[in-house]
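Descriptive structure summary
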Amino acid sequence: MGSAFCQICGLALNHDGLREDGSIYRGEGPLPCFFPFGPEHAWLKRCVAVPVEDATKKVLFGAVRDGYFLVDGEPKADLFEGLGDVYAGLHEACWELAERPALYTGSVVAKLAATKRWFLLRIQYHNRWFPWDRCKDDPERLADPSRDTSSLRKNLLWALTTLKAGRAIDEEDDDDGDQGKQKTDDDSDKGKQKTDDDSDKGKQKTDD
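Quick summary incoming for the structure in this document. Nothing here was measured: the structure is a model prediction, and the numbers come from that model.

1. Details of the pairing of strand β5 (residues 68-71)
- Summarising the sheet, strand β4 (residues 60-65) and β5 pair through three bridges and their orientation is antiparallel. What sits directly across from Ala63, in β5, is Leu70.
- What sits between the antiparallel neighbours β4 and β5 is a turn of two residues, in which Asp66 has the positive phi angle 55 degrees.
- In the sheet, β5 pairs with strand β6 (residues 74-78) via four bridges, with the strands oriented antiparallel. Each bridged residue has a counterpart across the sheet, and for Leu70 the counterpart in β6 is Pro75.
- Where β5 folds back onto β6 in an antiparallel hairpin, the turn is made up of two residues, including Asp72, whose phi is positive at roughly 55 degrees.

2. Remarks on the nonpolar core
- Counting residues in each nonpolar core, the largest one holds 51 residues, and the members touching the most others are Ile8, Phe69 and Trp132.
- For this core, the secondary-structure elements that each account for two or more residues are β3 (47-51), β4, β5, β7 (87-91), α1 (92-97), α2 (108-113), α3 (116-125) and α4 (151-164).
- Beyond its immediate stretch of four places on either side in the chain, Ile8 contacts Leu90, Cys94, Trp95, Ala98, Val109, Leu112, Trp118, Leu156 and Leu160.

What counts and what doesn't
- Residues numbered from 1 in each chain as written.
- Predicted model: local features only at pLDDT ≥ 70, side-chain atom pairs only at ≥ 80, totals over all residues.
- Heavy atoms only, no water.
- Pairing = 2+ DSSP bridges.
- Helix = DSSP H or I, 4+ residues; strand = E, 2+ residues; numbered from the N terminus.
- Core = buried A, V, L, I, M, F, W, Y, C linked by side-chain atoms within 4.5 Å.
- Buried < 20%, exposed > 50% of the residue type's maximum accessible area, 1.4 Å probe, protein only.
- Contact = heavy atoms within 4.5 Å.

Pasting the structure below:
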């Protein structure tokens, strides 16, 4: 089935990937994956499944493999790309940052997954197999968000806190762009005004 992705950080919910010979890597075997996984990446495999909208269901703790959420090795939910009809998949560390929502629908997690930022992550990374090799040169991208020093933690906390306060992070990006455009237009107008003034002064001096 391929990869499933955290609805908060957008990273894969497992270490599944491809080996150089084209076979599938699932964290075991003599041949390594394109990406050199270490103990610091164990958080990527610790997952939770949050009920989408059925409050009678409980949050599940387990692992994801081939798009299925497993509890003690038994499949309990279908998580196509990380969001199924019944459960949404999250890294446990990301779920903790989001203050442990009991339901996906109406939560800050659902708001984040609906933003332009998350959409851009999706079109960049959400292929059948997560392109771990693209992260080789940026190890901080995969830094455990439960660590205070993690840049991923800082970015996620900012987004979650902003959305929780009722502010749209996509609009803030647009506002920044509009402000930059306005400043450019203002500077251009000032430059044009100065040029016109200098021209008028030169014309006045010629007439005199």
